[in-house]
Amino acid sequence: MNVKQKVSEILQTSGTEYFSGAQLAKQLGVSRNAVWKAIQELKKQGFPIETKHSVGYRMTQSIDLITLEKVKSYLHTKNLGATLYVLSTVDSTNDYCRHLLLEGAPHGTVVVANEQTAGKGRQGRVFHSPAGAGLYFSVVIKKKLELKNAYLLTACAAVATARAIDALYHTHTQIKWVNDLFLNGKKCCGILTESAFSLESGQLEYAILGIGINIRNTRENMPPELREIVTSLEEETEGLSVYRSELLAAILYELEELLPNLVDRTFLSEYRSRSFLLGKNVELIQDDGTHRRVAAVDISNDCALVVRDRFGSVEAIHSGKIGRILES
Ligand code: BTN
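So, here's what we can say about the structure. Bear in mind that the values here come from a model prediction, so they are computed numbers and not experimental data.

About the thresholds
- Residues numbered from 1 in each chain as written.
- Predicted model: local features only at pLDDT ≥ 70, side-chain atom pairs only at ≥ 80, totals over all residues.
- Heavy atoms only, no water.
- 1 Å grid on protein atoms, 1.4 Å probe; cavity = no way out; pocket = protein on both sides within 12 Å on 5 of 7 lines; lining within 4 Å.
- Points joined across faces, edges and corners; volume = space filled by probe spheres on them.
- Helix = DSSP H or I, 4+ residues; strand = E, 2+ residues; numbered from the N terminus.
- Nonpolar A, V, L, I, M, F, W, Y, C, P; charged D, E, K, R; others polar.
- Core = buried A, V, L, I, M, F, W, Y, C linked by side-chain atoms within 4.5 Å.
- Buried < 20%, exposed > 50% of the residue type's maximum accessible area, 1.4 Å probe, protein only.
- Contact = heavy atoms within 4.5 Å.
- Near = heavy atom within 4 Å.
- Polar contact = N/O pair within 3.5 Å; in protein donor to acceptor, adjacent residues only side chain to side chain.
- Areas by Shrake-Rupley, 256 points an atom, 1.4 Å probe, with all protein chains shown as cover.
- Sits in = over half its atoms within 2 Å of the grid points.
- Salt bridge = Lys/Arg side-chain N within 4 Å of Asp/Glu carboxyl O.
- Pairing = 2+ DSSP bridges.
- Axes fitted to C-alpha atoms, helices over the stretch in contact; angles between N-to-C directions.

Some points on the layout of surface pockets
Turning to step 1, where the next piece is worked out: A volume near 910 Å³ is recorded for the largest pocket.
Turning to step 2, where the next piece is worked out: Listed by contribution, the elements that provide at least two residues to the lining of the largest pocket are helix 5 (93-102), strand 5 (134-141), strand 7 (180-183), strand 8 (186-197), strand 9 (204-214) and strand 14 (321-326).
Turning to step 3, where the next piece is worked out: When the residues that make up the lining of the largest pocket are grouped by side-chain class, the tally is 17 nonpolar, 16 polar and 10 charged.
Turning to step 4, where the next piece is worked out: Approximately 550 Å³ is the volume attributed to the second largest pocket.
Turning to step 5, where the next piece is worked out: Together, 24 residues line the second largest pocket, and Arg-122, Tyr-151, Thr-154, Val-178 and His-318 are the ones closest to its centre.
Turning to step 6, where the next piece is worked out: Only helix 6 (147-150), helix 7 (152-169), strand 8 and strand 9 provide two or more residues apiece to the lining of the second largest pocket.
Turning to step 7, where the next piece is worked out: Among the elements that line the lining of the second largest pocket, the one with the most residues is strand 8, at 5 residues.

Brief notes about the nonpolar core
Turning to step 1, where the next piece is worked out: Among the nonpolar cores identified, the biggest contains 67 residues, and Leu-135, Phe-137, Leu-233, Leu-247 and Tyr-271 are the most heavily contacted of them.
Turning to step 2, where the next piece is worked out: Of the residues forming this core, the biggest block, 12 residues, is contributed by helix 7.
Turning to step 3, where the next piece is worked out: In this structure Leu-135 touches Ile-66, Val-112, Ile-211, Gly-212, Ile-213, Ile-215, Arg-244, Leu-247, Leu-248 and Ile-251, once residues within four positions along its chain are discounted.
Turning to step 4, where the next piece is worked out: In terms of nonpolar packing, the next biggest core, distinct from the first, is built from 16 residues, Ile-10, Val-35, Ile-49 and Ala-131 among them.

Describing the site of the ligand
Turning to step 1, where the next piece is worked out: Residues in close proximity to the ligand total 19 residues, the closest being Ser-92, Gln-116, Lys-120, Arg-122 and Lys-187.
Turning to step 2, where the next piece is worked out: With respect to the ligand, the backbone of Lys-120 contributes an N or O atom lying 2.7 Å from an oxygen atom.
Turning to step 3, where the next piece is worked out: Protein coverage of the free-state accessible area of the ligand, which is 410 Å², stands at 99%.
Turning to step 4, where the next piece is worked out: Put simply, the ligand lies in the largest pocket.
Turning to step 5, where the next piece is worked out: Within the residue set of the shell around the ligand, elements represented by two or more residues are helix 5, strand 5, strand 8 and strand 9.
Turning to step 6, where the next piece is worked out: No other element matches strand 8, which puts 4 residues into the shell around the ligand.
Turning to step 7, where the next piece is worked out: When the residues that make up the shell around the ligand are grouped by side-chain class, the tally is 5 nonpolar, 10 polar and 4 charged.

Comments concerning the pattern of salt bridges
Turning to step 1, where the next piece is worked out: This structure, assessed with the given rule, holds 18 salt bridges.
Turning to step 2, where the next piece is worked out: One salt bridge in this structure joins Arg-292 and Asp-309, with 4.0 Å as the shortest N-O distance. Here the residue Arg-292 occupies a position in strand 11 (residues 291-299), and Asp-309 occupies one in the loop between strand 12 (305-308) and strand 13 (314-317), the gap between them amounting to 17 residues.
Turning to step 3, where the next piece is worked out: The exposure class of Asp-309 is buried, given its relative accessible area of 17%.
Turning to step 4, where the next piece is worked out: A single salt-bridge network, built from bridges that share partners, covers Arg-163, Asp-166, Glu-254, Glu-270 and Arg-274.

Here we look at the sheet that holds strand 10 (residues 281-285)
Turning to step 1, where the next piece is worked out: What the 5 strands build is an open sheet, ordered 13-12-11-10-14; its pairing is antiparallel. What marks the edges here is a single partner per strand, and that holds for strand 13 and strand 14. When the angles between neighbouring strand axes are averaged without regard to direction, this sheet yields 45°.

See below:
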């Protein structure tokens, strides 16, 4: 942890008590100037820190901190989250899970972090994960699954996450094939699933389901090109406060409910009814980079997007990306 992260942790866990610069510097073994710099950076990031002349610094309001105790107090699952790591900062919760797997992490292990310094998105993109602004977590899945069924995990996680968000905040969360969640036409959540298979048995060895949800302050923290297409839960639910520990527990609950029926695909009807794309004309960006205008007509049983082109021919798309939504 760097000085900024340590200062933020001390201030967050000590309620509204003041800490002088000298006290913090002594406790952390750094200079007062380093503490001052850390405070300025935290303020810039939106942390509600008050400075009182000759007294010190404190948080003016309690911040939505994720702690082991808080998550456990909301958790009603059997396996998911039974082994739980709550980190202040990490490069990527998916990568952290991969390390834990080398040491034999069990099914249901969950890693959640307040901040990711190298959050990963799909197709090698970066997932911006500023401190306190989102819920960033990964779940280890060790379940007997054939390759042809394993890719259903992402779709299943999307439905579980959408259900949990709607149940807590009375929203209508939609799913943009294949793994983005949308609120009022803007992305609020992305899912990255990484997995390994045994070549011998053809079965899943493990999957790491990585879920990143924008909770607050997204706009200022985002690169300009993303500002118009992303949103956060608190922006879309005016006046509502999101408690990340509660949301995490709710998603794990919904996921645990859905997982046993993964292969039966019972969740797919809900996936379809939550679709942001069905019935719309969209820009399909194929793997070779070419763009095509197509109509999104269905989601197949193996979770492909079924599209119809302007000549009326219908095909199931398994990979690729949907760009703009086009006028009818
Ligand atoms: C996407 O939108 O392309 C997928 C984003 C997935 C982000 C989550 S945050 C938790 C987990 N750790 C990562 O590094 N990525 C996923």
